[in-house]
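Architecture at a glance
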Amino acid sequence: MMIQSVSSVLFVCLGNICRSPAAEIIFRNLLERAGLSDVIRVDSAGTMGYHEGSLPDSRMIAALGRHGFNVYSTYSRPLHPEDFIRYDLILGMDNDNLHDIKRLAPDSIAKAKVAPMCQFVDTNKFRDREVPDPYYGDPRDFDHVVELLDHACSNLIKVIVPNH
């Protein structure tokens, strides 16, 4: 995927309670630290709506805190057809998410906005080709996802805002 003018990013996972809200929170923190909070709009969603209205998983909130991130209020919501219009870049956490997002995309223009989150991961630093779902794991799994997303979000900022 060619990344050009990006002023809005949507992070997507299955239920929008672990990975995608973590990516949203991490990315917001990084944007704030870089003085770019007002430049790029950020949100997260899930391919399924069964957690709609829920806060992020408490274990993910704890992991974000352990890694020094300010946690912003975010509530689970499903991916909406309008998201393909509102967002310039839609990042799926794993291959199943990517498949589901593209299936929901209304046309080829919308599908072209969809990319894997791990596209922004340096393979010399992490072996992951997908962001693993920590839901059934232990605190180390949540910490790993936070570290992976921190790395990917840092690289994402460098790509979409090259001078920062």
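As shown above, the structure is provided for reference.
A few points on the structure. For clarity, every value in this text was computed on a predicted model and none was experimentally measured.

In total, this model carries 10 salt bridges according to the counting rule given. Among the salt bridges present, the one from Asp-43 reaches Arg-77, with a minimum N-O distance of 3.1 Å. In this pair, Asp-43 is assigned in strand β2 (residues 41-46) and Arg-77 in the loop between α2 (58-66) and α3 (83-86), connecting sequence segments 34 residues apart. Accessibility assignment for this pair places Asp-43 and Arg-77 in one class, buried. One salt bridge connects Asp-100 with Arg-103, and the closest N-O pair in it is separated by 3.7 Å. Note that Asp-100 and Arg-103 are positioned in helix α4 (residues 95-104) at a spacing of 3 residues, about one turn of the helix. Assessed through its relative accessible area of 17%, Asp-100 is described here as buried. With a relative accessible area of 53%, Arg-103 lands in the exposed category.

A volume near 160 Å³ is recorded for the largest pocket. Contributing to the lining of the largest pocket are Cys-13, Leu-14, Gly-15, Asn-16, Ile-17, Cys-18, Arg-19, Tyr-50, His-51, Asp-133, Tyr-135 and Tyr-136.

What follows is about unusual backbone geometry. Of note, the phi angle at Asn-16 is positive, near 65°, even though the residue is not glycine. Overall, the relative accessible area of 1% leaves Asn-16 in the buried class.

Turning our attention to the packing of helix α1 (residues 19-33) against helix α6 (residues 139-160). Where α1 meets α6, the closest approach of the two axes is 9 Å, and the angle between their N-to-C directions is 50°. Looking at the two axes, α1 sits oblique to α6. When the axes of α1 and α6 are compared, the crossing they make is right-handed. From α1, Arg-19, Ala-22, Ala-23, Ile-26, Phe-27, Leu-30 and Leu-31 reach across to α6, where they touch Val-145, Val-146, Leu-149, Asp-150, Cys-153, Ser-154, Leu-156, Ile-157 and Ile-160. In terms of residue class, the contact of α1 with α6 is built from 13 nonpolar, 1 polar and 2 charged.

Turning our attention to the environment of Glu-130. Relative to the helices and strands, Glu-130 resides in the loop between β4 (114-116) and α6. A relative accessible area of 32% means that Glu-130 is categorised as partly exposed. Among residues more than four places away in sequence, those in contact with Glu-130 are Met-93, Asp-94, Asn-95, Asp-96, Cys-118 and Leu-148. At a separation of 2.6 Å, a polar atom in the side chain of Glu-130 contacts the main-chain amide nitrogen of Asn-95.

Next up on the list: the nonpolar core. Counting residues in hydrophobic clusters, the biggest one holds 41 residues, and the most contacted among them are Val-9, Phe-11, Phe-27, Leu-91, Met-117, Leu-149 and Leu-156. Of all the secondary structure elements, the ones that give two or more residues to this core are β1 (8-13), α1, α2, β3 (89-92) and α6. Apart from the residues lying within four places of it in its own chain, the contact partners of Leu-149 are Arg-19, Ala-22, Ala-23, Ile-26, Met-93, Met-117 and Val-131. Counting residues in hydrophobic clusters, the runner-up holds 12 residues, among them Val-12, Leu-79, Ile-90 and Ala-105.

The rules behind the values
- Residues numbered from 1 in each chain as written.
- Predicted model: local features only at pLDDT ≥ 70, side-chain atom pairs only at ≥ 80, totals over all residues.
- Heavy atoms only, no water.
- Salt bridge = Lys/Arg side-chain N within 4 Å of Asp/Glu carboxyl O.
- Helix = DSSP H or I, 4+ residues; strand = E, 2+ residues; numbered from the N terminus.
- Buried < 20%, exposed > 50% of the residue type's maximum accessible area, 1.4 Å probe, protein only.
- 1 Å grid on protein atoms, 1.4 Å probe; cavity = no way out; pocket = protein on both sides within 12 Å on 5 of 7 lines; lining within 4 Å.
- Points joined across faces, edges and corners; volume = space filled by probe spheres on them.
- Axes fitted to C-alpha atoms, helices over the stretch in contact; angles between N-to-C directions.
- Parallel < 35°, antiparallel > 145°, perpendicular 65-115°, else oblique.
- Left-handed = near helix turned anticlockwise from the far one by under 90°.
- Contact = heavy atoms within 4.5 Å.
- Nonpolar A, V, L, I, M, F, W, Y, C, P; charged D, E, K, R; others polar.
- Polar contact = N/O pair within 3.5 Å; in protein donor to acceptor, adjacent residues only side chain to side chain.
- Core = buried A, V, L, I, M, F, W, Y, C linked by side-chain atoms within 4.5 Å.

Everything listed here is a matter of coordinates, which is why it stays silent on function.
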